[in-house]
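Here is what each chain is made of, one letter per residue.
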Amino acid sequence: MAPKSVILSPSLMCADLLNLSHAVRELEESGVDALHIDIIDSAFSPSMPLGLETIKQLRKKTSLDFDIHIMSMNNEWFIKQMLDVGVQRIAFHYETSLHPDRLVNLIKKENVEAGIALNPATSLSTLDYLLPSLDYVLLMLINPGFAGDKSEAQVPYAQEKIRQLHAKIADAGANTGIQVDGRVSFATIPGLIAAGATNLVLGSTGLFIAGHTLAENKCTLDAVVAQGLQEERIGA
């Protein structure tokens, strides 16, 4: 298993959506930490992979943590829906939030971890007053909802933004995790971890890779995570 200092969160939208029960059992057996579940309203981004009823039914099938990423123009409604389901972690987008601190409080009062998600080009300065109250920050490394566009590469400033956030957290004396999402691949994972990432959202380039079994991909994943942790220790 990968070291517990890095949380492994496979993206459910990349699993076999026609056989979710089997796919989730296989993920459980592989030793991942959580299921990353995207809640998309088709207005914030042009897709809608999973319905709420599917997520409710899936909650009955697994004890894995549910790591929720809300991509919506109406965050409060979806947050309340997910709190009713029984999830462990919820991030919503700063870009669509009129009162983000109120939503953070709404999540945390239910003993659920609260996070803010930022689009690639959104400045870290938006976190100046929120950071001490956040359990984690979700940094999007591609534009949300466009994962199917294989021509969209991870933003070139990904590692620099992670490093800047890591420093910002340290300066604030906070214990905030850094989740990264978007082309989190075997090639990029070591650098992302060395820069300060603590939670990896894993999709078609980081776990669900065609031509190999999940077990084979998980073995490679563990190796590159260990490489990233080693690079982080050397650079510390």
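Each chain carries its own residue numbering, running from 1 in the direction its sequence is written. Per-residue local features are limited, in this predicted model, to residues with pLDDT of at least 70; the limit for side-chain atom pairs, both in listing and counting, is 80 or more; totals at the level of whole chains, interfaces and linings are taken over all residues. Side-chain figures throughout are based on the complete set of non-hydrogen atoms in the structure, without hydrogens or water.

What follows is about the nonpolar core. Take the buried residues of types Ala, Val, Leu, Ile, Met, Phe, Trp, Tyr and Cys, join any two whose side-chain atoms come within 4.5 Å, and each joined set is a nonpolar core. Burial classes follow relative accessibility: with a 1.4 Å probe on protein chains only, a residue under 20% of its type's maximum area counts as buried, one over 50% as exposed, and anything between as partly exposed. By size, the foremost hydrophobic cluster in this structure holds 67 residues, and its most contacted members are Ile90 and Leu200. Contact criterion: two residues are considered in contact whenever any of their non-hydrogen atoms come within 4.5 Å of each other. Not counting residues up to four positions away in its chain, the partners in contact with Ile90 are Ile68, Ile70, Ile79, Met82, Leu83, Ile107, Val112, Glu113, Ala114, Gly115 and Tyr136. One finds Ala91, Ala117, Tyr136 and Met140 within the second-largest nonpolar core, a separate group that totals 5 residues.

Moving on: the environment of Leu221. On the secondary structure map, Leu221 appears in helix 7 (residues 214-235). Classification of Leu221 as buried rests on a relative accessible area of 0%. Expressed as a C-alpha distance, the spacing of Leu221 and Ile189, which sit 32 residues apart in the sequence, is 8.6 Å. Non-local contacts of Leu221, meaning those with residues more than four positions away in its chain, are made with Leu8, Phe186, Ile189, Leu202, Gly206 and Leu207. Labels follow the DSSP assignment, with helices taken as runs of H or I lasting at least four residues and strands as runs of E lasting at least two, numbered in each case from the N terminus.

Attention now goes to the environment of Leu12. Among the secondary structure elements, Leu12 is positioned in the loop between strand 1 (7-10) and helix 1 (20-30). A sequence separation of 70 residues divides Leu12 from Met82, and the C-alpha atoms of the two residues are 15 Å apart. For Leu12, the residues in contact, after removing those within four places along its chain, are Leu17, Leu20, Val24, Leu35, His36, Ile37, Leu50 and Leu58.

One side-chain nitrogen of Lys or Arg within 4 Å of one carboxyl oxygen of Asp or Glu is enough to make a salt bridge. With the rule as written, the count across this model stands at 8 salt bridges. When the shortest N-O distance is used, the salt bridge between Arg102 and Glu76 registers 2.8 Å. You can see Arg102 sitting in helix 4 (residues 100-108) and its partner Glu76 sitting in helix 3 (residues 75-85), a full 26 residues away along the chain. The class of Arg102 is partly exposed, set by a relative accessible area of 44%. Here Glu76 falls in the partly exposed class, since its relative accessible area comes to 24%. Residue Arg163 pairs with Glu160 through a salt bridge whose shortest N-O separation is 3.3 Å. Placement of the pair is Arg163 and Glu160 together in helix 5 (residues 158-172), with a separation of 3 residues, close to one helical turn.

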